[in-house]
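Reading the structure
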Amino acid sequence: MMTSKQRAYLRGLANTMEPIIHVGKDGVNENMIKQLSDALEARELIKGTVLQNCPLSAREAIAELCEGANAEPVQCIGNRFVIYRAREEDPKIVLP
């Protein structure tokens with residue numbers, strides 16, 4: 001579990017990022033979880049959006065994505081969210 005200080009640090013890093021995961025009308029599926037997992041392995045920190053036509057709320061979507069990809073939710077504001085998962089080997093982001 002992350003501390004609020006660690007969350008704040010990750011939020012700061014995510015500020016300049018562009019969303020790369022978009023949850024649309026199909027909601028969260030296996031393919032999306034695999035994409036997220038691969039992206040987290042490469043980057044560790046991901047920003048995403050929930051599109052208007054998505055049947056899930058942003059909170060529901062981030063909960064399903066985090067559970068599926070074994071990741072931590074960092075932030076969820078409006079239709080945007082940030083997810084973090086440290087690499088098992090050679091993590092790039094070092095939490096304070």
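The structure under discussion appears in the preceding block.
Reading guide: rules and limits
- Residues numbered from 1 in each chain as written.
- Predicted model: local features only at pLDDT ≥ 70, side-chain atom pairs only at ≥ 80, totals over all residues.
- Heavy atoms only, no water.
- Pairing = 2+ DSSP bridges.
- Helix = DSSP H or I, 4+ residues; strand = E, 2+ residues; numbered from the N terminus.
- Axes fitted to C-alpha atoms, helices over the stretch in contact; angles between N-to-C directions.
- Contact = heavy atoms within 4.5 Å.

Points about the sheet that holds strand S4 (residues 80-84)
Strand order in the open sheet formed by four strands is S1-S2-S4-S3, and the pairing between neighbours is mixed. Looking along the sheet, the strands with just one partner apiece sit at the ends: strand S1 (21-23) and strand S3 (72-77). When strand polarity is set aside, the average angle formed by the axes of neighbouring strands in this sheet is 25 degrees. Pairing of S1 with strand S2 (residues 45-50) involves three bridges; the strand directions are parallel. The partner of Ile 21 across the bridge, within S2, is Gly 48. Relative to S3, helix H1 (residues 4-14) is tilted by about 60 degrees, and along the sheet it contacts S2, S3 and S4. The strands touched by helix H3 (residues 58-69) are S1, S2, S3 and S4; relative to S3, the strand with the most contacts, the crossing angle is about 165 degrees.

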